[in-house]
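Survey of secondary and tertiary structure
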Amino acid sequence: MAVTEIILTPRGSIGIMLEAEVISPDVFQGKSQEEIESLTVWQGPLKLPLAEFFEVQVRQAGAAEETKIIIEGDAARVKRIGQGMKTGSIEVNGSAGMHLGAEMAGGSILVRGDAGSWAGMEMKGGTIHILGSAEDHVGCAYRGSWHGMTGGWILIEKDARSQLGGGMAGGQIVVSGNVENFCGIRQSGGTILIKGSAVRGLGAEMNGGTIAIDGAVRQMCPGFVVSGRDENPKLGELELSGGYTRFTGDYAVSKNPKGTLLLREG
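This report concerns the structure included in the present document. (Residues numbered from 1 in each chain as written. Predicted model: local features only at pLDDT ≥ 70, side-chain atom pairs only at ≥ 80, totals over all residues. Heavy atoms only, no water.)

A word on the overall build of the chain
- If you tally the helices and strands in the chain, you get two helices and 21 strands.
- In terms of overall dimensions, the chain has a C-alpha envelope of 60 × 40 × 30 Å along the principal axes.
- Scored against the burial criterion, the 266 residues of the chain give a buried share of 53%.
- Of the contacts made within the chain by residues no fewer than 6 positions apart, 37% connect residues no fewer than 24 positions apart.
- Per element, the accessible surface of the chain, about 11,300 Å² overall, is 47% carbon and sulfur.
- Here the chain contributes 24 positive and 30 negative side-chain charges, whose respective centroids are spaced 6 Å apart. (Helix = DSSP H or I, 4+ residues; strand = E, 2+ residues; numbered from the N terminus. Buried < 20%, exposed > 50% of the residue type's maximum accessible area, 1.4 Å probe, protein only. Contact = heavy atoms within 4.5 Å. Areas by Shrake-Rupley, 256 points an atom, 1.4 Å probe, with all protein chains shown as cover. Lys, Arg positive; Asp, Glu negative; His and termini not counted. Charge placed at Lys NZ, Arg CZ, Asp CG, Glu CD.)

Put into structure tokens, the structure is as follows:
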């Protein structure tokens, strides 16, 4: 497959955060180096060219089947990277800012560092792979919206903070480390696997979907009751090993809830 690679190298440290939803394969595809450099981003009240913050290099320009963006450096103060993307790929050789891959419907994002809050917000498809940790509201819903992530994969190799998968209705999230408060709050579909531990509020107001956790839960929600035991359960496309106690809930919000928590035994 022919691929056009577009390398963005930060020109220096960024003070006020950038609103940079233009950093997307869908936007860059078919554009020359000069056209990409002239795309605009917002920094506070100022609308500025992308070239003011990044050196742009295009490799194999032309009619390519896929566009790949490589950010060679830290982008922790760059928001909305890959927002709404439908195709192609992005690699960040550092950390990424808030709203990474928000509303994305396809393609892939790889972050070799950490990610800010709201990564994968209302995501519909594609894959986000974060090799570090993530902040709050990963795969969550917008404020005032009911449904969060509806499709795709989010993989976090370290920890995530609070409200991961809030309002989640589909897709899969895997966290290799720990989460904090209200993971899966208002979840109605999809699956979450936490290989570490959680603090409190796991599955609060949940009415569908599944959360599996291998570590401890410091404070369980009172609206969940034991409904059985599963050996080597299948969680979406993931096959787990070992025994899990199954809980159903959250009875605090529904008389007939369909949410499932799986807690590893032992």
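Concerning the sheet that holds strand β7 (residues 78–79)
- Strand order in the open sheet formed by four strands is β4-β3-β2-β7, with mixed pairing between adjacent strands. Looking at which strands have only one partner, the edges of the open sheet turn out to be β4 (46–49) and β7. (Pairing = 2+ DSSP bridges.)

Quick word on the pairing of strand β11 (residues 153–156)
- When strand β10 (residues 127–130) meets β11, the two strands line up parallel, connected through four bridges. Paired with H129 across the bridge in β11 is L155.
- As paired strands, β11 and strand β12 (residues 169–175) are joined by four bridges and run parallel to one another. The residue of β12 that forms the bridge with L155 is V174.

Topic: the pattern of salt bridges
- Overall, the coordinates contain eleven salt bridges when judged by the stated rule.
- As a salt-bridge pair, R112 and E91 come within 3.3 Å of each other at their nearest N and O atoms. With R112 in the loop between β9 (108–111) and β10 and E91 in strand β8 (residues 89–92), the pair connects residues that are 21 residues apart, well separated along the chain.
- Residue R161 is joined to E135 by a salt bridge in which the shortest nitrogen-to-oxygen separation is 3.3 Å. One end of the pair, R161, is in the loop between β11 and β12; the other, E135, is in the loop between β10 and β11, with 26 residues separating them in the sequence.
- One salt-bridge network, in which partners are shared between bridges, spans E19, K79 and R80. (Salt bridge = Lys/Arg side-chain N within 4 Å of Asp/Glu carboxyl O.)

Things to note about the environment of A2
- Mapped onto the secondary structure, A2 falls in the segment before β1 (3–10).
- Spatially, the C-alpha atoms of A2 and Q60 are 8.5 Å apart, while their sequence positions differ by 58 residues.

With respect to the side chain of D250
- Relative to the assigned elements, D250 resides in the loop between β20 (243–249) and β21 (259–264).
- In this structure the side chain of D250 is engaged in a polar contact, spanning 2.9 Å, whose partner is the backbone nitrogen of E205.
- Not counting residues within four places of it along the chain, the set of residues in contact with D250 comprises G203, A204, E205, M206, G223, F224 and P257. (Polar contact = N/O pair within 3.5 Å; in protein donor to acceptor, adjacent residues only side chain to side chain.)

A word on the packing of aromatic side chains
- Inspection of every chain in the model, using the stated rule, returns zero aromatic pairs.
- Note that R186 overlies the ring of W146, its terminal NZ or CZ placed 5.7 Å from the centroid. (Phe/Tyr/Trp six-rings, centres within 6.5 Å; stacked < 30°, edge-to-face > 60°. Lys NZ or Arg CZ within 6 Å of the ring centre and 35° of its normal.)

Looking at the pairing of strand β13 (residues 188–194)
- Counting buried positions along β13 yields five of seven residues, so the element is predominantly enclosed.
- Both β12 and β13 contribute to a ladder of five bridges, which runs parallel. The residue of β13 that forms the bridge with V174 is L193.
- Sheet topology note: the β13/strand β15 (residues 208–213) ladder contains five bridges and is parallel. Within the sheet, the bridge partner assigned to L193 lies in β15 and is A212.

Some details on the state of the cysteines
- Following the criterion strictly, the structure yields zero disulfides and no others.
- For the unlinked cysteine C140, the closest cysteine sulfur is that of C183, found at 10 Å.
- C140 sits in the buried class, given a relative accessible area of 3%.
- With no disulfide partner, C221 has as its closest neighbouring cysteine sulfur the one in C183, 11 Å distant.
- For C221, a relative accessible area of 12% corresponds to the buried category. (Disulfide = S-S within 2.5 Å.)

Without other data, these values stay purely geometric and don't point to any function.
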